[in-house]
Amino acid sequence: SGAATRYYDTPFRTDTIEIPLMPEEAGRNDLEYKVKMKPGATLAYSWSVSGDEAHPDWFYFDFHGESRPVPEGQKPTVVEYLQTTGIRSSGSLIAPFEGIHGWYLQNQSDKPVVVHLKLAGFYELVPAGEPGNEAGIEPQP
């Protein structure tokens with residue numbers, strides 16, 4: 001039949017995340033938001049930016065993954081998936097390695113914006129303050 005099937009130890013979950021970003025000159029206009037994934041785990045996502053829809057080129061994002069844990073004395077493996085500008089993106093990822101996978105988001109406009117991120121798949125949230133969620137972003141209840 002040619003069907004591609006996958007089985008996971010991590011339970012299926014969905015999350016909605018709201019990420020406010022200030023204007024460029026106000027500081028706190030960028031952050032990283034990632035989730036923990038095991039090799040072969042699947043993530044489906046969709047996000048959009050509200051607040052300055054008139055200037056899609058003023059919102060930069062870098063979708064990438066970083067290996068975790070990192071052995072003592074070594075650097076993490078970093079894999080770039082997509083680096084561009086725009087105010088929306090949708091897709092899926094099959095994690096190539098164990099680690100944290102997600103986005104660096106940067107508001108280059110002169111208005112505050114909110115990134116509305118929807119996630120579904122086989123992943124774990126990164127606890128507040130840890131690499132991938134240093135900003136302490138919590139999912140919507």
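Residue indices follow the written sequence of each chain, beginning from 1 at its first position. For this predicted model, a pLDDT threshold of at least 70 governs which residues receive local features, and a threshold of 80 or more governs which side-chain atom pairs are given and counted, while totals over whole chains, interfaces and linings are taken from all residues. To obtain the side-chain values, all non-hydrogen atoms of the structure were included, while hydrogens and water were left out.

## As for the pattern of salt bridges
Inference 1: Salt-bridge detection follows one rule: a side-chain nitrogen of Lys or Arg within 4 Å of a carboxyl oxygen of Asp or Glu. This structure, assessed with the given rule, holds five salt bridges.
Inference 2: A salt bridge links Lys36 to Glu130; its shortest N-O distance comes to 3.8 Å. Of the two residues, Lys36 is situated in strand E2 (residues 30–37) and Glu130 in the segment after strand E9 (124–125); the sequence distance between them amounts to 94 residues.
Inference 3: For the exposure calls, accessible area comes from a 1.4 Å probe over protein chains only, and a residue counts as buried if that area is under 20% of its type's maximum, exposed if over 50%, partly exposed in between. Judged by its relative accessible area of 31%, Lys36 falls in the partly exposed class.
Inference 4: Arg68 serves as the salt-bridge partner of Glu66, at 2.5 Å between the closest nitrogen and oxygen.
Inference 5: Using a relative accessible area of 29% as the deciding quantity, one classes Arg68 as partly exposed.
Inference 6: Among the charged side chains, a salt-bridge network with shared partners connects Glu32, Lys34, Glu66 and Arg68. Going along the chain from the N terminus, every DSSP run of H or I of four or more residues is numbered as a helix, and every run of E of two or more is numbered as a strand.

## Describing the sheet that holds strand E1 (residues 13–21)
Inference 1: Two strands form a pair only when DSSP identifies at least two bridges running between them. Taken in spatial order, the four strands line up as E1-E8-E3-E6 in an open sheet, and their pairing is antiparallel. Two strands in the sheet have a free side with no partner beyond their single neighbour: E1 and strand E6 (88–94). Taking the axes of each pair of neighbouring strands and ignoring which way they run, one obtains an average angle of 15° across the sheet.
Inference 2: Pairing between strand E3 (residues 42–50) and strand E8 (residues 113–121): eight bridges, direction antiparallel. Bridge assignment links Ser46 to a residue of E8, and that residue is Lys118. In this analysis, axes come from line fits to C-alpha atoms, helices being fitted only over the stretch in contact, and the angle between any two N-to-C directions falls in the range 0 to 180 degrees.

## Some points on the sheet that holds E2
Inference 1: Strand order in the open sheet made by the five strands is E5-E4-E7-E2-E9, with antiparallel pairing throughout. Of all the strands in the sheet, the pair left with one neighbour each is strand E5 (78–85) and E9.
Inference 2: Both E2 and strand E7 (residues 99–107) contribute to a ladder of eight bridges, which runs antiparallel. Within E7, the residue paired with Val35 across the bridge is His101.

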